[in-house]
Amino acid sequence: MTYDIAIIGGGMAGASLALALKDLPLSIVLVEAVPYASTQQPAFDARAIALAAGSQRILRTMGVWDAMAARGVTAIEHIHVSERGGFGTAHMEAAEEGVAALGYVAEGRIIGATLTAALAQCPNVELLCPAELTSLQVEDDGVEVQLVHAGAARRLRTRLLVAADGGRSTVREQIGARTWELGYGQTAVIATVTTDRAHGNTAYERFTDTGPLALLPCDPPVDTDQELSGRRWSLVWTVRDSQVDALLALSDEAFLQRLQQRFGYRAGRFLRSSGRQAYPLVLRFVREAASERVAFIGNAAHAIHPVAGQGFNLGLRDVAALAQVIAAAVARGEDIGRMQVLQGYARWRRPDYLRTAAFTDGLVRAYSNNLPPLKLARNVGLLALDTLPPLKHLLAYQSMGLVGHLPRLACGMKLQVTSDK
Ligand SMILES: Cc1cc2nc3c(=O)[nH]c(=O)nc-3n(C[C@H](O)[C@H](O)[C@H](O)COP(=O)(O)OP(=O)(O)OC[C@H]3O[C@@H](n4cnc5c(N)ncnc54)[C@H](O)[C@@H]3O)c2cc1C
């Protein structure tokens, strides 16, 4: 079987790309290794994802936002930033930035259910699941792909192969794509916690000497316990690798006590915690987001620290940019797998990768040194940020994914089969 595009990996990035391309005259196959209904599905788990305002625009223009919102998302209207043991704080307000929300929080499961339901309505997208890419050969006029589909070997051919197969990308390995990688020596522990006070749509980012700690307001789709309504948070607690096992082994009570000690009482008193999951953290980028007949999107292209909740937002901008480059090539009657076409995508994405990595990595490193003069400088910086509206505005727009050369979908415009970029 021959396709125009084969997307390897049906996680948030891969599924979003298939949807973004649904109105183009292209045959698309989406190859996903793990069934969506499985509890082992790695892409759509209990992680809460902060969707920036720019991502919300992309999802809205793709026609899936209303369905996602109906399944349950929580608006972030205020952001509070502080450092444990420091005096400086900074605040960001949706009203000050002239937006309804600085972002939204959605559980990975909600994002998955919305995207897969929408995919089922796309006649030009064939889903192969469970199907795992095992090897590939890039040839002059296409890519030959070997899969194991429902236990049997299968081959397919495609003009363009998109690697959306996540951090341990087999595509990256198969074509020998060079990457740049740096371990943080940190692991993120996530859990859902409840407090005795309503979240008031506030997100907190608190820097501590072992790593940043984030609390995102996160209401469940259906609240079975009305008493806890509006009091649920998604916790992302970054600790040194050496501390993870001990943190995971704590009883819920001891875990909440430790959390209270590290976070303080700004969000109220912590009452309950769900089970915890751990994610080791790394900074990684492919050197080139495209090569002949292959393009990388999402975590197959980059992995960043979750400190400012930017990973999928960056991946969704990959999706919007690649979809636009493909649409323009289709309009010009060009071969969508040629390097001249894909180079446009790789060059376009590079500044965003650098900017987002500098932003997130810069935050982690700035706060990982406890020398007193540096700590003082950071706290003065936080106070200054609060009193310098232009600087705050710039940071807010970076966090909302609204800076740089934005793709059409991020500007609220549908893909156009024209000859623009
Ligand atoms: C603790 C934590 C908190 C985070 N919080 C945020 C946040 O608030 N906001 C935000 O924007 N981002 C956040 N992120 C980042 C975000 O989770 C990722 O950027 C995003 O999930 C990546 O999606 P993806 O589709 O690129 O990759 P993945 O989710 O890894 O999906 C890859 C898919 O490919 C499939 N696959 C793999 N190999 C093969 C193969 N050989 N054949 C077929 N299929 C294959 C897998 O089964 C999987 O479904 C966070 C990350 C962490 C760790």
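Quick summary incoming for the structure in this document. In every chain, residue numbers begin from 1 and rise along the written sequence. Note on the predicted model: pLDDT of at least 70 is required for a residue's local features to be given, and 80 or more for side-chain atom pairs to be given and counted; whole-chain, interface and lining totals, by contrast, use all residues.

1. What about the overall build of the chain?
- Starting at the N terminus, helices and strands are each numbered in turn, a helix being any DSSP run of H or I of at least four residues and a strand any DSSP run of E of at least two. In terms of helices and strands, the chain carries 12 helices and 20 strands.
- Its C-alpha atoms give the chain principal-axis dimensions of about 60 × 45 × 40 Å.
- For the chain, the proportion of its 421 residues judged to be buried stands at 47%.
- In the chain, 75% of the contacts between residues at least 6 apart in sequence involve partners at least 24 apart. Field definition: a residue is buried when 20 or more other C-beta atoms are found within 10 Å of its C-beta, exposed when 12 or fewer are, and partly exposed for counts in between, with C-beta atoms placed from the backbone. Here contacts are defined at the residue level, using C-beta atoms placed from the backbone and a cut-off of 7 Å between them.

2. Quick word on the sheet that holds strand E3 (residues 48–52)
- A sheet is described by the order of its strands in space; here 3 strands give the open sequence E3-E7-E4, paired in antiparallel fashion. This sheet does not close on itself; its edge strands, each paired only once, are E3 and strand E4 (74–76). Averaged over all neighbouring strand pairs, the angle between strand axes comes to 30 degrees, with direction disregarded.
- As paired strands, E4 and strand E7 (residues 103–107) are joined by 3 bridges and run antiparallel to one another. Bridging across to E7, Thr74 finds its partner in Val105.
- Only the contacting stretch of a helix is used when fitting its axis, a line to C-alpha atoms as for every element, and angles between N-to-C directions run 0 to 180 degrees. Lying over the sheet, helix H2 (residues 53–61) contacts E3 and E7, oriented at roughly 85 degrees with respect to E3. For two strands to count as paired, DSSP must find a minimum of two bridges between them.

3. As for helix H1 (residues 12–20)
- The buried fraction of H1 amounts to 9 of the 9 residues, a majority that puts the element mostly inside the structure.
- Along H1, the residues that are buried comprise Met12, Ala13, Gly14, Ala15, Ser16, Leu17, Ala18, Leu19 and Ala20.
- The elements touched by buried residues of H1 are strand E1 (2–8), strand E2 (28–31), helix H5 (108–119), strand E8 (125–128), strand E11 (152–163) and helix H9 (311–331).

4. Section: the site of the ligand
- Close contacts around the ligand come from 36 residues, with Gly9, Gly11, Gly166, Gly298 and Gly311 the closest.
- For the shell around the ligand, the secondary-structure elements that each account for two or more residues are H1, E3, strand E9 (131–139), strand E12 (179–195) and H9.
- Ranked by residue count, the leading element in the shell around the ligand is H9, at 4 residues.
- When the residues that make up the shell around the ligand are grouped by side-chain class, the tally is 18 nonpolar, 14 polar and 4 charged. We call a residue near a molecule or strand if the C-beta atom, set from the backbone, is within 6 Å of it. As a working rule, the residues Ala, Val, Leu, Ile, Met, Phe, Trp, Tyr, Cys and Pro are called nonpolar, Asp, Glu, Lys and Arg charged, and the rest polar, with Gly in that last group.

5. Some points on the packing of helix H3 (residues 65–72) against H5
- At their nearest, the axes of H3 and H5 sit 9 Å apart, and the two run at 140 degrees to each other. As the angle between them shows, H3 and H5 are arranged oblique. Here H3 and H5 pass one another in a crossing that is right-handed. Only Ile110, Ile111, Ala113, Thr114, Ala117 and Ala118 of H5 make contact with H3, whose side of the interface consists of Ala67, Met68, Arg71 and Gly72.
- For the contact of H3 with H5, the per-class residue count stands at 7 nonpolar, 2 polar and 1 charged. Working rule for angles: under 35 degrees goes down as roughly parallel, over 145 as roughly antiparallel, 65 to 115 as roughly perpendicular, anything else as oblique. We call a crossing left-handed when the near helix sits turned anticlockwise from the far one by less than a right angle, and right-handed when that turn is clockwise.

6. Some thoughts on the pairing of strand E6 (residues 89–93)
- Side chains of E6 alternate between two faces, with Ala90 and Met92 buried and Thr89, His91 and Glu93 left unburied.
- Across 5 bridges, strand E5 (residues 78–83) lies against E6 in antiparallel orientation. In the sheet register, His78 faces E6, and the bridge partner there is Glu93.
- Counting the residues between successive antiparallel strands, the hairpin from E5 to E6 contains 5 residues, one of them, Gly85, with a positive phi of roughly 80 degrees.

7. Observations concerning the nonpolar core
- The term nonpolar core means buried Ala, Val, Leu, Ile, Met, Phe, Trp, Tyr and Cys residues held together as one set by C-beta atoms within 7 Å. Formed by 132 residues in total, the largest nonpolar core has its most connected members in Ile7, Leu17, Leu161, Val162, Ala295, Ile297 and Ala323.
- Among the elements that make up this core, the one with the highest residue count is H9 (13 residues).

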